[in-house]
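Geometric and topological summary
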Amino acid sequence: MKIAVAGTGYVGLVAGVCFAEKGHDVTCVDVDADKVKMMEAGITPIYEEGLEELMRKNNAAGRLHYTTDYQAAYKGAEAIFIGVGTPEQPDGSANLSYIATVSRQIAESVEQDCLVVVKSTVPVGTNDKVEQFIRDFLVRDVKVEVASNPEFLAQGSAVHDTLHAARIIIGTESVEAEAVLRKIYEPFELPIVSVNRRSAEMIKYACNDFLALKISYMNDIANLCELVGADIDAVAEGMSYDARIGARFLNAGIGYGGSCFPKDTKALKYIAHQHGYTLRTVEAAVDVNAEQKTKLYQKASNRMITFQNLRTAVLGLAFKPGTDDLREAPSLDNIKLLLESGADIYAYDPIAAENFKKHFPEGSCGKGTIHYVDSAQEALKDAHICFVFTEWKEIQEIPASVFQDLMRIPLVYDGRNIFDVKTMKDAGIEYYSIGR
Ligand code: UDX
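Residues numbered from 1 in each chain as written. Predicted model: local features only at pLDDT ≥ 70, side-chain atom pairs only at ≥ 80, totals over all residues. Heavy atoms only, no water.

**Some thoughts on the overall build of the protein**
Stated formally: Only DSSP runs of H or I with at least four residues qualify as helices, and only runs of E with at least two residues qualify as strands; both kinds are numbered from the N terminus onward. Computation of the radius of gyration draws on C-alpha atoms alone. For the globule rule, the value is 2.2 Å times the number of residues to the power 0.38. In short, Shrake-Rupley with a 1.4 Å probe defines the accessible areas, and a residue's cover is counted only from the protein chains shown.
Check the secondary structure of the protein and you find 19 helices and 15 strands. The globule rule puts the C-alpha radius of gyration for 436 residues at 22 Å, and the 24 Å found for the protein is close to it. Dimensions along the principal axes, computed over C-alpha positions, put the protein at roughly 75 × 45 × 40 Å. For the protein, the computed accessible surface area is about 19200 Å², with 52% contributed by carbon and sulfur atoms.

**A few points about the domain arrangement of the protein**
Keep this limit in mind: Boundary definitions for the domains trace back to an automatic or database domain assignment. The contact criterion used is simple: two residues touch if any of their non-hydrogen atoms lie within 4.5 Å. Joining two parts hides part of their accessible area as seen by a 1.4 Å probe, and the buried area is that hidden amount summed over both. One speaks of a salt bridge when a side-chain nitrogen belonging to Lys or Arg is within 4 Å of a carboxyl oxygen belonging to Asp or Glu.
Domain annotation of the protein identifies domain 1 (2–195), domain 2 (203–291) and domain 3 (295–432). Between domain 1 and domain 3, the C-alpha centre-to-centre distance is 38 Å. Taken together, the contact pairs six residues of domain 1 with nine residues of domain 3. For the pair domain 1 and domain 3, the summed buried surface comes to about 540 Å²; carbon and sulfur atoms form 42% of the total. Ranking the residues of domain 1 by area buried against domain 3 places Tyr10, Tyr47 and Gln155 at the top, with a combined share of 81%. The tally of links from domain 1 across to domain 3 stands at zero salt bridges.

**Brief notes about the environment of lysine 358**
Quick reminder of the rule: Partly exposed residues are those whose accessible area sits between 20% and 50% of the maximum for their type, while under 20% is buried and over 50% is exposed, using a 1.4 Å probe and protein chains only. Contacts described as polar in this section are N or O atom pairs within 3.5 Å, which, within protein, must combine one atom able to donate a hydrogen with one able to accept it, while residues neighboring in sequence count only if both atoms come from side chains.
You can see lysine 358 is positioned in helix H15 (residues 353–359). Classification of lysine 358 as exposed rests on a relative accessible area of 67%. Taking the C-alpha atoms as reference points, lysine 358 and arginine 416, separated by 58 residues in sequence, lie 24 Å from one another. Side-chain polar atoms of lysine 358 contact the side chain of asparagine 355, separated by 2.9 Å.

**Brief notes about the packing of aromatic side chains**
The condition that has to hold: Put simply, two rings from Phe, Tyr or Trp (the six-membered ring, in Trp's case) pair if the centres are within 6.5 Å, and we call them stacked under 30 degrees between planes, edge-to-face over 60, tilted for the rest. Whether a charge sits over a ring comes down to the Lys NZ or Arg CZ being within 6 Å of the ring centre and within 35 degrees of the ring normal.
In total, this model carries 16 aromatic pairs according to the counting rule given. Taken together, a centroid distance of 5.9 Å and an interplanar angle of 85° make the contact between tyrosine 256 and phenylalanine 261 edge-to-face. In this pair, the class of tyrosine 256 matches that of phenylalanine 261, namely buried. Summarising the aromatic geometry, the rings of phenylalanine 419 and tyrosine 431 are spaced 6.4 Å apart at their centres and angled 75° between planes, so their arrangement reads as edge-to-face. A residue pair is termed long-range when its members are at least 10 positions apart, and phenylalanine 419 in the loop between strand S14 (411–414) and helix H19 (421–426) and tyrosine 431 in strand S15 (residues 430–432) qualify at twelve residues. What makes phenylalanine 419 buried here is its relative accessible area of 5%. Chaining the aromatic ring pairs together yields one cluster made of Phe19, Phe81, Tyr185 and Phe188. A cation over an aromatic ring shows up here: lysine 22 above the ring of phenylalanine 188, its NZ or CZ 5.7 Å from the ring centre. We note arginine 167 situated over the ring of phenylalanine 152; from NZ or CZ to the ring centre the distance is 3.8 Å.

**Concerning the sheet that holds strand S13 (residues 385–388)**
Put simply, the test is: Strands qualify as paired when DSSP identifies two bridges or more between them. To obtain an axis, a line is fitted to C-alpha atoms, over the contacting stretch when the element is a helix, and the angle between two such axes runs from 0 to 180 degrees between their N-to-C directions.
One open sheet holds the seven strands; their spatial order is S11-S12-S10-S9-S13-S14-S15, and the pairing between them is mixed. Each end of this open sheet is capped by a strand with a single partner; those strands are strand S11 (363–365) and S15. Adjacent strand axes in the sheet meet at a mean angle of 20°, parallel and antiparallel pairs treated alike. With five bridges connecting them, strand S9 (residues 311–315) and strand S10 (residues 344–348) associate as parallel partners. Across the sheet, leucine 315 pairs through a bridge with tyrosine 348, a residue of S10. Of the strands in this sheet, S13, S14 and S15 are in contact with helix H13 (residues 295–303), which crosses S14 at around 155°. The strands touched by helix H14 (residues 330–340) within the sheet are S9, S10, S11, strand S12 (368–372) and S13, with S12 carrying the most contacts at an inclination of about 130°.

**Here's the deal with the pairing of strand S5 (residues 114–118)**
Defined as follows: By convention, a crossover is right-handed whenever its connection, traced from the first strand over the helix to the second and viewed with the strands pointing away, goes clockwise.
With five of five residues buried, S5 lies mostly within the body of the structure. Burial of S5 is two-sided: the residues Cys114, Val116 and Val118 facing one way and the residues Leu115 and Val117 facing the other way are all buried. As paired elements, strand S4 (residues 79–82) and S5 share four bridges and run parallel to each other. Residue pairing across strands places isoleucine 82 opposite valine 118, the latter belonging to S5. Considered for its hand, the β-α-β crossover made up of S4, helix H5 (residues 97–109) and S5 is right-handed. In this sheet, strand S6 (residues 144–148) lies alongside S5 in parallel orientation, the contact comprising five bridges.

Below you can see the structure in the form of structure tokens.
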């Protein structure tokens, strides 16, 4: 099928590449000409395992094209997927301006009947408005319908999550629209759940917010574990055998970050308020997460007289392993506080340091200083204190003896619970983590 995709971020580009991989003829549209050139050359603008390989394969097969010329891409497309961002606004609501821009461009470009499919996460009811908006601005006598097809991929495993999704959610208001989406997804051979548009929009928020709630719940329990002398790892293991709970998303730590959970919890809270309802569970998850992010810093502040000139090793900056994304990363909040307190930071992240420099450029910053180094060992050398913010595998694999050998004072604050408490203690390290 001839498909156009608007937006080449995590959602749009991964969808476009995977549709091409499944045999569709795909054109990805982006406003940035340099980005288009890069993608034509088989270079992905985002770091995502396996993506570049699939891009190159499908570029070469002639099934995957890129353009800034949206008119050319939209006019003959049978389906147009919208995968542009819906960033959070200061009041917590979703910014729909990118969706509106693309909708207008679609309305002015389409020359034949087509299905517009919204993949971006949007407030419930938005697809109704998008359909009306496109119809209002249509310049030709064609039939355009809008469907909802939320995306559940996680960064770092986006290609795998798309090709092997647990389910495809399609939200439509007509059998014709449903048929188009079923045809597009047929080659994926995945379970399809077909619902109405508003339910599809809600499923996305309900899933993300449930997972955020699960993490905040574990963090809440972890905080209590510390007070009552229980161990959150043991508690999580005990819980995980209950199939009704499941084994995943039980890791306590310094809270969730990323482009989805923080944004989607606040957006649903906002939507509820708009309807005169208070979503107390989700609000609690948001509050717990906000406090959890700096728990480690608070613990360290209670232990130290000052951070002034303290050589501080930081291991991991990304909001989670496998990505260079820093959106809502707890490292940002903690490093801000450390710098305000005068710390001399040596930070290491395998891939996110370049992005981090955009927030905190190398050198003096506030009362402190930040340096970016090329290895965990370099960060740890002569350090008085170490913070772990991201559970990269290579950081998890650092033997306890390395902290002991390299640090001036072997004092470690682990925000991701990646080291064994006893092993660290036996190696003579003063070790603090979350809920243990
Ligand atoms: C998430 C959803 O998983 C995905 O389905 C949705 O489409 C987008 O949002 P993503 O943000 O890429 O994906 O990452 P995810 O792996 O879900 O982790 C989100 C955050 O939760 C990270 O900061 C991670 O460190 C944290 N987390 C996750 C925990 O603190 N504990 C856990 O047990 C799991």
